[in-house]
Amino acid sequence: MGLCLTALSAVTLAPGPAQAAGPEELQERGGYTAKIRRTEYGVPHIQAHDFGGLGYGYGYAFAQDNLCQLADHVVTLRGERSRYFGPAEASADDPHVANLASDTYFQGLNRSGTVQRLLEQPAPLGPTPELRRMVEGYAAGYNRYLRDTGVGKLPDPTCRGEEWVGPISATDLWTLMLDLNTAAGASAYKGPIGSAAPPGAAATTAAAAGASPAPRPARPAGEAADLGSNGWALGRDATRDGHGMLLANPHLKWAGSDRFYQVHLTVPGVLDVAGGSIYGTPMVEIGHSRDLAWTHTTSYADHASLYRLALAPGDPTGYLVDGRPEPMGRQSVPVTVRAADGTLSTVTATLYTSRYGPVLADGWSAEHAYTLRDANAGNLRSMNEWLAMGRARTLDQLKQAQRTYQGIPWTYTIATDAGGTAYFTDSSAVPHLTDEQRTGCTVEADELGTTLDGSTTACDWGSDPDALVPGVHGPARQPALTRTDYVANSNNGPYYTNADAPLTGIPAVYNGGSRLGPRAQLGLRMIDDRRTGADGLGGRGFTLPTLQATMLGDRVYTAELGRGDAVAMCRAHPVPTATDGTAVDVRAACDVLAAWDARADADSRGTVLWQAFQQALGRSGPPTWWRVPYDPAQPLTTPRGIDGENPAARRALADAVQWLSARGTPPDAPIGLVQRWAGIPLPGCSGGLGCFNVLTAGPQSGAGGATRPADLTTIPHGSGFMMAVEMTPRGPRSRTLLTYGESADPGSPHYTDQTRLFARKEWVTERFTEAEIKAAPGLLVTTLVR
């Protein structure tokens, strides 16, 4: 439920006798008390005297805004989508995975007892007592809001009155966290895991869902897309006042359960942290305390390994290791499914496992099968680590949290402090594979990764003595860099974390290559331009306003490197031939490119055409059309230029103009015409085009059936939670922007309020101190007591 802040008000919610109890007495009785203070744009500041109360207040506040989203996700986590929505449908989170395969995967996970075994372990492997209380309190707070409101009176029509909405448990939340941690491994393969069956067998889940296995495993849908984030930590030598500064800019989908929720969590004297929190998790994953700020970007290291099994002759469920046969493990999984007429029945599937992990449907033949080993399969430690990072006062304490819990699942960490020190590390869970193993054990490879030989123990993961769990690299081997100028990442490997100090000697499993994509190139160029004052923003060195302006400058780097050549080509060859042999008049497109500002502002005219052109170039085969090919000695500026005499380049421009014309989109259409959310024109473009402010909402060349500009729009993916923060000796100065707002309820005032700010390139001044919070106009205070 969205809360419109129009006047100072206070609400106390208490079930009778507990109202008179103090915090200490409530804690002894297992009760909860919390205060929720809502400032501008509905941002909740949760304050409690203990961690249980903190979780209680957070769960209640989150349910006010997004109960339907978490309720839907819990249905997925319980493996009950087929029961309520049918086996062949798919969720918004996993549109490529049929409900039956998803349910089989999660029912298998839940029945395996994995989560319960992890919870039975003491910290650091299992949750700390504080974290356990937060999770239990979060579930209780969510349930309190649902009980007080009633399913039939929920404000969001998405789930109002639906039978699949009900109370959640702490176990649901722990399962959610494990699923989040395995997003770069098992969770990404839930479709082929849940539909696996030996050749010739009745593949229950695949057949019921209308799926057919692929001839060999492909990387999960979306992995090749423009995933990831931008993250900068600016040290004292890069900022005008010598303070540490941080830019956080994660890129995730704008719909579903992977959104961020902005929150401020306080236990006085113990915890005071603000930032972005993934839906359903009770802590801040990207944020700042009074003395420290950090962010994450997607690590391009391996976090799981595909193994190809050599099957035993005549036995498709047995495989050979060092010449000796081993049987696959089997787990029977019953799933309740709803037929078209509403009747329920039970389908029983079988999940198969190897010594490495789950077996996949794809590529299972009489000779081979494929299996996955996930470095995060037993990782709930991440939540301990994020909570400890939120309590850290110094970079040394943050590093100690990483050494203690070793739980960051699949991201880099970028951090800074008020003293102006910048820090980068890939402390994520990375398989312990030597470079020699990756070379000698690789049996298949593509641009996204390798498949290893599962028939020999020589290809097993090793371990380090300082690793908390076996099979992964320990802290001493992890890439790290500490600087006083900057560290930065835009989902490139660690090599160019700082252009002046390349990180060398990195194991290949960390993806230590030196080549940069255009988004990463632009990020490093923008830092350098600001340090020298070459960006036209005035002076030298970053300030908070120039950091904000740089983030939303919406430069299109590929256009800066090649637009002039494209215009010259267009002038010299005004009627090139398209791929289908049609002669296409491109003179109007030539004028558009010549007049374009090479930006991706919502009203920029030329971005749509340039995107279609670049996509057509990408489909034209090997990139022989570069005027200056890639040169490792010029990593920030190559490849660049377009060879206008190359037939592939001329053909790509003709294809782009032809494609746009067929869809009724003029070449000078502003990007905001086809890139919208709730009717609001949006800036930004894909990282492949060299946009730092990543947003991909359309158009996508090759999308079938689009006949009008509005039809080209898809659900946005990209910039979600943004945070620009300056860490001063007097405390943090922070500006934030949650592009899709605090609530996914279309009826909430906080559904698109910040989207409109994003469209105007405006930010929210964060309220962090008590004085700032109390001074918020329209402050709304809710006190919860149970």
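Since the structure is predicted, the reported quantities are computational estimates derived from the model, not experimental observations.

A. Structural detail: the overall build of the protein chain. Assigned secondary structure in the protein chain consists of 21 helices and 30 strands. At 26 Å, the protein chain has a C-alpha radius of gyration in line with the 28 Å of a compact globule built from 786 residues. Oriented by its inertia axes, the alpha-carbon framework of the protein chain measures out at about 85 × 75 × 60 Å. Here the protein chain, with 786 residues, has 59% of them falling under the buried criterion. The long-range share in the protein chain, meaning contacts at least 24 apart out of those at least 6 apart in sequence, stands at 69%. The centroid of the 66 positive side-chain charges in the protein chain is displaced by 3 Å from the centroid of its 78 negative side-chain charges.

B. Spotlight on the confidence of the model for the protein chain. Across the protein chain, pLDDT averages 91, with 91% of residues at or above 70. Counting interchain partners and residues more than four positions distant, the pLDDT-below-50 stretch residues 699-713 has 38 contacts.

C. Broad picture of the pattern of salt bridges. Counted according to the given criterion, the structure contains 29 salt bridges. Among the ionic pairs, E326 bridges to R355, the shortest N-O distance being 2.5 Å. Residue E326 is found in strand β12 (residues 324-327), and its partner R355 is found in the loop between β14 (344-353) and β15 (368-374); the two are separated by 29 residues along the sequence. Two residues, E560 and R555, come together in a salt bridge whose shortest N-O distance is 2.7 Å. The partly exposed category is assigned to E560, whose relative accessible area is 37%.

D. Representation of the layout of surface pockets within the structure. When its volume is computed, the second largest pocket comes out at roughly 840 Å³. Taken together, 34 residues line the second largest pocket, and the ones lying closest to its centre are L109, T114, P358, A377 and G378. Listed by contribution, the elements that provide at least two residues to the lining of the second largest pocket are α4 (99-112), α5 (114-119), α7 (170-181), β13 (329-338), β14 and β15. With five residues, α4 is the single largest residue contributor to the lining of the second largest pocket. Taken together, the residues that form the lining of the second largest pocket break down as 19 nonpolar, nine polar and six charged.

E. Broad picture of the packing of aromatic side chains. Applying the stated criterion across every chain, the model contains 24 aromatic pairs. Ring centres of Y32 and Y56 lie 4.9 Å apart, and the angle between their planes is 15°; on these two criteria the pair is classed as stacked. Here Y32 is found in the loop between α1 (23-28) and β2 (33-38), whereas its partner Y56 is found in helix α2 (residues 51-77), with 24 residues between them in sequence. For the residue pair Y32 and Y56, the accessibility class agrees, reading buried in each case. A centroid spacing of 4.9 Å and a plane angle of 80° characterise the contact between F62 and Y279, whose relative ring orientation is edge-to-face. Of this pair, F62 sits in helix α2 while Y279 sits in the loop between β7 (271-278) and β8 (286-288), and the two are 217 residues apart along the sequence.

F. Examining the environment of S82 more closely. Following the sequence through the fold, S82 ends up in helix α3 (residues 81-85). Residues S82 and A339, spaced 257 residues apart in sequence, show a C-alpha to C-alpha distance of 9.0 Å. Ignoring sequence-local partners within four residues, the contact set of S82 consists of P87, N99, L100, D103, V335, T336, V337 and R338.

G. Broad picture of the side chain of T317. With respect to the helices, strands and loops of the structure, T317 is situated in strand β11 (residues 315-321). At 3.0 Å, the side chain of T317 and the side chain of R330 are in polar contact. Excluding residues that lie within four positions of it along the chain, T317 makes contacts with P198, E326, P327, M328, R330, Y352 and W364.

H. Local environment of the state of the cysteines. This model, assessed by the stated rule, comprises three disulfides. Across the disulfide from C441 sits C459; the S-S distance is 2.1 Å. Negative torsions about the S-S bond denote left-handed disulfides, and the value of about -95° found for C441 with C459 makes this one left-handed. Taken as a pair, C441 in helix α12 (residues 435-441) and C459 in the loop between β19 (449-453) and β20 (480-483) lie far apart in primary sequence, 18 residues in all. Residue C685 pairs covalently with C691 via a disulfide, S to S 2.0 Å. Residues C685 and C691 share a disulfide whose torsion about the S-S bond is about 100°; that sign makes it right-handed. In this pair, the class of C685 matches that of C691, namely buried. When the cysteines engaged in disulfides are numbered in sequence order, the protein chain pairs them as 1-2, 3-4, 5-6. Looking at the unpaired C570, the closest cysteine sulfur is the one in C590, lying at 3.1 Å. With relative accessibility at 2%, the residue C590 sits in the buried group.

I. Inspection of the packing of helix α17 (residues 607-618) against helix α18 (residues 647-662) at higher detail. Contact geometry of α17 with α18 gives a least axis separation of 8 Å together with a crossing angle of 130°. Relative to α18, the element α17 is oriented oblique. Where α17 crosses over α18, the two elements pack in a sense that is right-handed. Contacts between α17 and α18 involve V608, L609, A612, F613, A616 and L617 from the first element and A648, A649, A652, L653, D655, A656, V657, W659 and L660 from the second. Considering only residue class, the contact of α17 with α18 consists of 14 nonpolar, no polar and one charged.

J. Up close: the nonpolar core. Formed by 148 residues in total, the largest nonpolar core has its most connected members in L54, L67, W232 and L265. Residue contributions to this core peak at 15 residues, all from α2. Beyond its immediate chain neighbours, meaning those up to four positions away, L54 contacts I46, A48, M134, L265, T266, V267 and L271. Counting residues in each nonpolar core, the second largest holds 39 residues, with C590, A600, A612 and W625 among its members.

Criteria and cut-off values
Residues numbered from 1 in each chain as written. Predicted model: local features only at pLDDT ≥ 70, side-chain atom pairs only at ≥ 80, totals over all residues. Heavy atoms only, no water. Helix = DSSP H or I, 4+ residues; strand = E, 2+ residues; numbered from the N terminus. Rg over C-alpha atoms; globule rule 2.2 N^0.38 Å. Buried < 20%, exposed > 50% of the residue type's maximum accessible area, 1.4 Å probe, protein only. Contact = heavy atoms within 4.5 Å. Lys, Arg positive; Asp, Glu negative; His and termini not counted. Charge placed at Lys NZ, Arg CZ, Asp CG, Glu CD. pLDDT = per-residue confidence, 0-100. Salt bridge = Lys/Arg side-chain N within 4 Å of Asp/Glu carboxyl O. 1 Å grid on protein atoms, 1.4 Å probe; cavity = no way out; pocket = protein on both sides within 12 Å on 5 of 7 lines; lining within 4 Å. Points joined across faces, edges and corners; volume = space filled by probe spheres on them. Nonpolar A, V, L, I, M, F, W, Y, C, P; charged D, E, K, R; others polar. Phe/Tyr/Trp six-rings, centres within 6.5 Å; stacked < 30°, edge-to-face > 60°. Polar contact = N/O pair within 3.5 Å; in protein donor to acceptor, adjacent residues only side chain to side chain. Disulfide = S-S within 2.5 Å. Axes fitted to C-alpha atoms, helices over the stretch in contact; angles between N-to-C directions. Parallel < 35°, antiparallel > 145°, perpendicular 65-115°, else oblique. Left-handed = near helix turned anticlockwise from the far one by under 90°. Core = buried A, V, L, I, M, F, W, Y, C linked by side-chain atoms within 4.5 Å.

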